[in-house]
Structure formats: structure tokens, C-alpha cells
Amino acid sequence: MRVRIKWKRIIILAVCASVSYFWAAAIRAGAHDGTRANDFVNMYYGTRCFLEHKDLYNPQTVRAELKADGGRLPEMSAGEKAISGTWVMVQEYLPPAYLAMAPFGFLPRRVAQALWMVLIPLLMIVAGYLAWGLAPEAPVLAGCMAGFILLNSVVVMTVGNPAGIVLPFCVIAAWCFLKERYALAGVVLLAWSLAMKPHDAGLVWLYFVLAGGTGRKRALQTLGITAVLGICAALWIAPASPHWVGELHGQIAMISAHGGASDAGPTGLDNRGFSPIVSLQNTLAVFKDDAHFYNPVSYAIGGGLILAWMIAVLRKRRSREETLLALAAISILTMLPVYHHAEDAKLLLLAIPGCALLWAAGGARRWMALGSTAAAIFVTSDIPIVAMVAATGKVAISDSTIGGKVALLLVQPAPLVLLAAGCFYVCVLVRYRPAEARSGIDAAAVERAAGATA
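What you see is a predicted model; the values in this text were computed from it and never measured.

Lay out the overall build of the protein with the relevant residues and their values.
Along its length, the protein carries 23 helices and zero strands. Taking contacts inside the protein between residues at least 6 apart in sequence as the whole, the part at least 24 apart equals 77%. Looking at the protein as shown, the accessible area adds up to about 18400 Å², and 69% of this sits on carbon and sulfur atoms.

The structure is reproduced here in C-alpha cells:
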């Protein structure tokens, strides 16, 4: 069946993405060396080392690669200088990620960066459009939410984090599997996402495995491609980086130490910045800033919710409504157990169709769906985070008192909001009956709209 493109939606989303893109471009233009794309620069030179059989998990090797290319180290914030004194080219991705990045590594840095930075808004527009199309029950609501997410994509377009590519690919692949169109494209895109950021795309992939049917077939094909990438990358990297597992663990431990960029505690470099950590560790660390406490508790809470979600998916029949609710739940739950920044929350595009479904079904749950989904999107969006940072940037907040702990929770509300939203969608999924969505709306009209909407 031919896909009918609704150009008005494309234009709306393109305007929203353009605002983010040009705002990000202005930030990069005013930064040191004409760029602030630190995440892309870091991974680009790691990929160059990978292609040239150099030890990419040795920061000094990557720094030398950057200098040999005539580049300068990216600009550092005051907090980064206070912690490390110099920029450390940390490589925190698994070897398959660098194999997936290889096409960019063959290009000159400036060409690769320009292409990467253009791809992010373009892919976000496509992903937002497809998520909007999965919500024919409430198109206005879905459009507002998708547009708001694209309008708040400044950080990912500034730093060039791989999440800007991985998450749209994941959303597009989910659409391909749900619509049973362009299956090969969906398999390739999801495999690329798994190779790059398995902690972002992995649970979406797991849904299709558990749901069975054609989706399981596509998920297993995706796994096959990802496994081949992993084996090839491991064999390629072994001669130059025989101890890469230990080196990778050491680098992650370094940036996760107190005051580091990945420190979930109150002293973490990013937790009062524009891209805070949104996983449960961030909230739990307020009560006890000890990784031996907040990591296991986060795994237990988040893992328990994911287990309940898995059981619900296995017990449900694969109806359209249950599929949308399951994807809404897992797009939120993905953020909770392990380390995620706010830019990873663009995966909430997959929560929009489930929210639209509940909104159209009526009843009290429509307001709970709207409130929880909108709140989750809002607290992980750039403009609200910037406003909060600006409002509290000069306020000293201590976690040594009860009042200080409460203040920190209010300043960093994303983990608690995501937890509440995740619990809501899991409960709805467990208790959901497809007939509920048929009341108050014309089921046949919705199905026709779903089939005609891209």
C-alpha cells in the first residue's frame, strides 16, 4: 500500500526541528574551534583509531589522533577543568558502535560532522512524523507532543550525541515492524541502533521478541545482523586493543567517579547542567550518595517494573491497542534502571500513540495518561531544563538536610516523573481490555485512519 504523506505535518515538525537546529548551530559557532559537538568529535576520533587498528580505549591514543588531524581539543566547561584539568577522550561505547560509525570515520572530520549534524534533525522529523501517524485517535494532541519534543532537541543537536541518530532509527524501525512495511529497512536501522546504544534500543527490540508473530521474526533478523557486527568488531579490535574490556571498564569507572560526567550523585558534573541524568540513580543518590546503594536499588525497582511489563506482554494477545500501550510503557521504563541523559528521552516519541489511544477512550484515565506523558516529556526537555538551571544556578543546595534533599528532588524531578509515568502505563497494560478503547470512538474509522496515515 502506498504511504500518503501529510505535508502539513511535515512542515510543522520541520519548523520545530529547525528552531532547535539553528539554536544549536549558534551555540556551536560561538564555541572554541567553531564547534561544540564534543560527543561527535570524541566518537569520530575513536572511530578513526578503530579503522586504523589503534587502541581506541586508550585516551592518549585518541588525543594523538585528533592532534595529528590538525584538530584542537574541544572547549571545556569550568566544571570539567576543575575535575580533570584537561579534556579526556573517553570512549564509552562497545566495539560494534565504532564499526557502525565506520562510514563517517572514512570522511574528513568537518564533512562527517556537517553530515551528522544535518542527519539528526532530518531523522527526528521523520521519527516525529511516523509517531504522529500512529496516533489517529487524537492527531492534534499527538502533533503537539511530537512538535514539543523536536522543539526541545537543542542539546543533542549541539553536542552531536549518537542518541540523535539512534533514537529516530529506533522509532522508524518500530513503525516499520508495526505497519509491516519496509521490513528490511526496519531491521537494518534497529540493528544499527542496537550496535550503537543497546541500552536505548534494547527494550524496544525485546518487545517485538516477546510479542511474537512477524515482529519476532524481524527482531531475530535484527539480532543476527547485530551479532555479526559484534563478532566482526571484536575480531578487528583484538590485535590493537587486546585488553579492551578492562580499558573500557576503567574509563567508565573514571567518568562515573564523584564529580564525573556520569556521576549520578548530587556532585555529578551534569546533574546541574543542561543534560542531567534521568535514571533512578539520580534520585536515590540524594538519600545516599553511594553507588553500592543506588545502583542495586535502581536495578531492583526498574527491573521489577520491566519484569511486570514482560509478563503483561507475554499474556496479552497482540492487538494494536496493547502494542501501543506496551511501547509507551517500555519507552519510559528504558530510562529508569541504567544510566541515561535527558537527550535519551527522545525515545518518548513512542509514548505518544499510547497516550492518544487512552485520551480518545475517555474516562478518568485520559487525564492520567495526558498528565503523566506530558510531564515525562516536559521534565526531560531542553527548554524547561535550561529554565530550571537558570533559576537555580546561583542557589547553593545541600543534601545534608531534609530540606536540602527535598530541594534537590524538586530541582531534578525527571526520575520521579518517569517512574510515575512508567508505573501508570504498566498498570494500564496489565488491566487493559481492547474493548475499552472501542467505547466513545468509532473503531472502524480509527482503523481506516490508521491505515491511511504514515
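On we go from here.
Describe in detail the pattern of salt bridges, supporting the description with residues and values.
All told, the structure shown has seven salt bridges when counted by the stated rule. Residue glutamate 65 is joined to arginine 48 by a salt bridge in which the shortest nitrogen-to-oxygen separation is 3.5 Å. Here the residue glutamate 65 occupies a position in helix H3 (residues 59-68), and arginine 48 occupies one in helix H2 (residues 38-51), the gap between them amounting to 17 residues. The buried category is assigned to glutamate 65, whose relative accessible area is 5%. Between lysine 54 and glutamate 65 there is a salt bridge, with the nearest N and O atoms lying 2.8 Å from each other. You can see lysine 54 sitting in the loop between H2 and H3 and its partner glutamate 65 sitting in helix H3, a full 11 residues away along the chain. Lysine 54 gets classed as partly exposed once you look at its relative accessible area, which sits at 32%. One salt-bridge network, in which partners are shared between bridges, spans Arg48, Glu52, Lys54 and Glu65.

Go over helix H13 (residues 213-237), please, and point to the residues and values.
Taking 1.5 Å as the rise per residue, H13 with 25 residues should run 36 Å; its terminal C-alpha atoms sit 37 Å apart, in good agreement. The set of residues buried in H13 consists of Gly215, Arg218, Ala219, Thr222, Thr226, Ala233 and Ile237.

Any details on the environment of alanine 308? Residues and values, ideally.
In this structure, alanine 308 sits in helix H16 (residues 291-315). With a relative accessible area of 30%, alanine 308 lands in the partly exposed category. Note: C-alpha distance between alanine 308 and valine 430 (122 residues apart in sequence) is 8.3 Å.

Explain the nonpolar core to me, and be specific about the residues and the numbers.
Residues Trp116, Trp309 and Tyr425 are the most contacted members of the largest nonpolar core, which totals 133 residues. No other element matches the 13 residues that helix H10 (residues 163-179) contributes to this core. Here tyrosine 425 is in contact with Leu325, Ala328, Ala329, Ile332, Ala351, Gly354, Cys355, Leu358, Ala369, Ser372 and Thr373, once residues within four sequence places are set aside.

Let's hear about the packing of H2 against helix H7 (residues 109-133): which residues, and what values?
Put simply, H2 and H7 touch, their axes get as near as 11 Å, and they point 130° apart. Relative to H7, the element H2 is oriented oblique. For the element pair H2 and H7, the recorded crossing hand is right-handed. Here Phe40, Val41, Tyr44 and Tyr45 of H2 lie close against H7, whose contacting residues are Arg109, Ala112, Gln113 and Trp116. Along the lines of polarity and charge, the residues of the contact of H2 with H7 split into six nonpolar, one polar and one charged.

Go over unusual backbone geometry, please, and point to the residues and values.
Within the chain, histidine 53 stands out as a residue other than glycine whose phi angle is a positive 60°. In this structure, histidine 53 sits in the loop between H2 and H3. Despite not being glycine, tyrosine 182 has its phi angle at roughly 50°, a positive value. Mapped onto the elements, tyrosine 182 comes out in the loop between H10 and helix H11 (183-196).

Quick one: what's the story with the side chain of arginine 28, residue by residue and with numbers?
In this structure, arginine 28 sits in helix H1 (residues 7-29). No salt bridge is formed by the buried arginine 28, whose closest oppositely charged neighbour, aspartate 382, lies at an N-O distance of 11 Å. Within the structure, the side chain of arginine 28 is placed 2.5 Å from the backbone oxygen of methionine 157, a separation counted as a polar contact.

Which residues make up the confidence of the model for the protein, and what are the values?
Across the protein, the average pLDDT comes to 85, with 85% of residues at or above 70. Of the regions scoring below 50 in pLDDT, residues 76-87 engages in 24 contacts with residues more than four places distant in sequence or in other chains. Counted against residues more than four places away or in other chains, residues 437-454, with its pLDDT under 50, gives 33 contacts.

The rules behind these values
Residues numbered from 1 in each chain as written. Predicted model: local features only at pLDDT ≥ 70, side-chain atom pairs only at ≥ 80, totals over all residues. Heavy atoms only, no water. Helix = DSSP H or I, 4+ residues; strand = E, 2+ residues; numbered from the N terminus. Contact = heavy atoms within 4.5 Å. Areas by Shrake-Rupley, 256 points an atom, 1.4 Å probe, with all protein chains shown as cover. Salt bridge = Lys/Arg side-chain N within 4 Å of Asp/Glu carboxyl O. Buried < 20%, exposed > 50% of the residue type's maximum accessible area, 1.4 Å probe, protein only. Expected span 1.5 Å × (residues − 1). Core = buried A, V, L, I, M, F, W, Y, C linked by side-chain atoms within 4.5 Å. Axes fitted to C-alpha atoms, helices over the stretch in contact; angles between N-to-C directions. Parallel < 35°, antiparallel > 145°, perpendicular 65-115°, else oblique. Left-handed = near helix turned anticlockwise from the far one by under 90°. Nonpolar A, V, L, I, M, F, W, Y, C, P; charged D, E, K, R; others polar. Lys, Arg positive; Asp, Glu negative; His and termini not counted. Polar contact = N/O pair within 3.5 Å; in protein donor to acceptor, adjacent residues only side chain to side chain. pLDDT = per-residue confidence, 0-100.

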